[in-house]
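Chain and residue survey
The chain contents come next:
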Amino acid sequence: MQRRQFLGLATLTVFGSALAANELLERAIPKSAKLYSASDNALGEHFVSQFDLRTQQLQQQQTPMRGHAALALDENTALLFGRRPAYTCVRVNFKTGLVESFKPSPDRHFNGHGCLSTDRKLLFTTETDYANKRGIIGIRDLSTLKPLGEYESYGLDPHDVQLMPDGKTLVVANGGIETHPDFERRKLNINTMQPSLVYLDLSTGKKLAEYRLPDHLLSIRHLHVSTQGDVAVALQYEGNLYKQQPSSLVAWQKAGEGLNLLKIAPQEVAQLRGYLADIVYDPKQELLVSATPRGHCVSIWSTATQSFVQALPLAEASGISLGLKAGSFLVSNSQGGLYQLQTAGKQTSLNELKIFPELAWDNHLMLLA
């Protein structure tokens, strides 16, 4: 199926089943329910955006760099991590309009993600020390944004980092890919790349555990950590899709167990085009849902059966978060759309909430409710 035909099908699928935004938003939205994401416009300007689900008001703060993941600190402030390779991240205040930039140390760049300590005093950022070909986790004072130190990530290309529920452990997605600013985003070591999922002691930086997948071409990129300590991993395949398809694009690690690929048939994985972006987990339904931009769909996976469930067409799906209703998710795409995905009930549906045709949402979506 050609891309134009697919996008037409996606439009019919979404809009043919769409509910009015007002009807969706009447259903028990909390007093404060806001979505955060990086976004760009047609002029090439970059923003961090905040969308209020109750009032349907959009606020934006322009940023000096293209963003990747956003991290809401409260109703008024958020962090935006620059897209790899990035030399700037920002903290923005939507109430005052203040934008504070912070930069990496020399010969370093940011890789797009970060997380906070339990007491919200420390900020951890994924970074690359390209001069010495190593991944690091930067440590900053959240109040001042000044660096305090760093840990080894024990791999190349740390992309995502999350705090485990114990508050004492960091989990790091080492993508395994070597890059250098002299070559922009060119990948320099595909034949020898070694992605890994690494657990670090938050207080010392000591490596507690490391896991790898059988296929070294599956780059470990994005993470979701459940309240029980389970870890979902969204993968990106660095092999030649014309010669061979990956065996899967999602890995799952139940707390205390090994890292396993979820099952998917070759004809089903082919439609995902080797690339997953944002991923979230609903423990009640035992479902993982991932935005799949190159495959122009939202993919759904079951941890109960350890397998792929289905894909719903959505042009250039980009970000995803858990929804406000039980059994629902919120999804964005690069064509400015915000949608509600309902997976509970007899029929899975994807319904339009709001379209901002002048915006392109980036690959991550965060809900603060």
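This text follows the structure it describes.
In short, a report on the structure. (Residues numbered from 1 in each chain as written. Predicted model: local features only at pLDDT ≥ 70, side-chain atom pairs only at ≥ 80, totals over all residues. Heavy atoms only, no water.)

Some remarks on the packing of aromatic side chains
Applying the stated criterion across every chain, the model contains seven aromatic pairs. On the basis of an interplanar angle of 85 degrees and a centroid distance of 6.0 Å, the ring pair of Tyr-199 and Tyr-211 is categorised as edge-to-face. With a gap of twelve residues between them, Tyr-199 in strand β14 (residues 196-201) and Tyr-211 in strand β15 (residues 207-211) connect regions that are remote in the sequence. Between Trp-301 and Phe-308 the ring centres are 5.2 Å apart and the planes differ by 75 degrees, which places this aromatic pair in the edge-to-face class. Neither Trp-301 nor Phe-308 differs from the other in exposure class; each is buried. Here a set of aromatic residues connected by ring pairs shows up, and it is made of Phe-51, Phe-356 and Trp-361. (Phe/Tyr/Trp six-rings, centres within 6.5 Å; stacked < 30°, edge-to-face > 60°. Helix = DSSP H or I, 4+ residues; strand = E, 2+ residues; numbered from the N terminus. Buried < 20%, exposed > 50% of the residue type's maximum accessible area, 1.4 Å probe, protein only.)

Details of the side chain of His-364
Here His-364 shows up in the loop between β28 (359-361) and β29 (366-368). Take His-364: its relative accessible area is 7%, and that puts it in the buried class. Polar contacts involving the side chain of His-364 include one to the side chain of His-113, which spans 3.3 Å. With near-sequence residues (within four places) excluded, His-364 lies in contact with Tyr-36, Ser-37, His-68, Ala-69, His-113, His-222, Asp-278, Ser-318 and Gly-319. (Polar contact = N/O pair within 3.5 Å; in protein donor to acceptor, adjacent residues only side chain to side chain. Contact = heavy atoms within 4.5 Å.)

Structural notes on the layout of surface pockets
When its volume is computed, the largest pocket comes out at roughly 1,100 Å³. Residue lining of the largest pocket: 38 residues in total, with Leu-71, Gln-162, His-224, Val-225 and Met-366 positioned closest to the centre. Elements with a contribution of two residues or more to the lining of the largest pocket: β1 (34-41), β4 (67-72), β8 (108-116), β12 (158-163), β16 (218-225), β20 (279-282), β24 (317-322) and β29. Partitioned by chemical class, the residues of the lining of the largest pocket number 23 nonpolar, twelve polar and three charged. One number sums up the size of the second largest pocket: a volume of about 560 Å³. Lining the second largest pocket we find 26 residues, and of these Arg-83, Arg-185, Tyr-275, Arg-294 and Asn-363 sit closest to its centre. Those elements that provide at least two residues to the lining of the second largest pocket are β16, β17 (231-237) and β28. (1 Å grid on protein atoms, 1.4 Å probe; cavity = no way out; pocket = protein on both sides within 12 Å on 5 of 7 lines; lining within 4 Å. Points joined across faces, edges and corners; volume = space filled by probe spheres on them. Nonpolar A, V, L, I, M, F, W, Y, C, P; charged D, E, K, R; others polar.)

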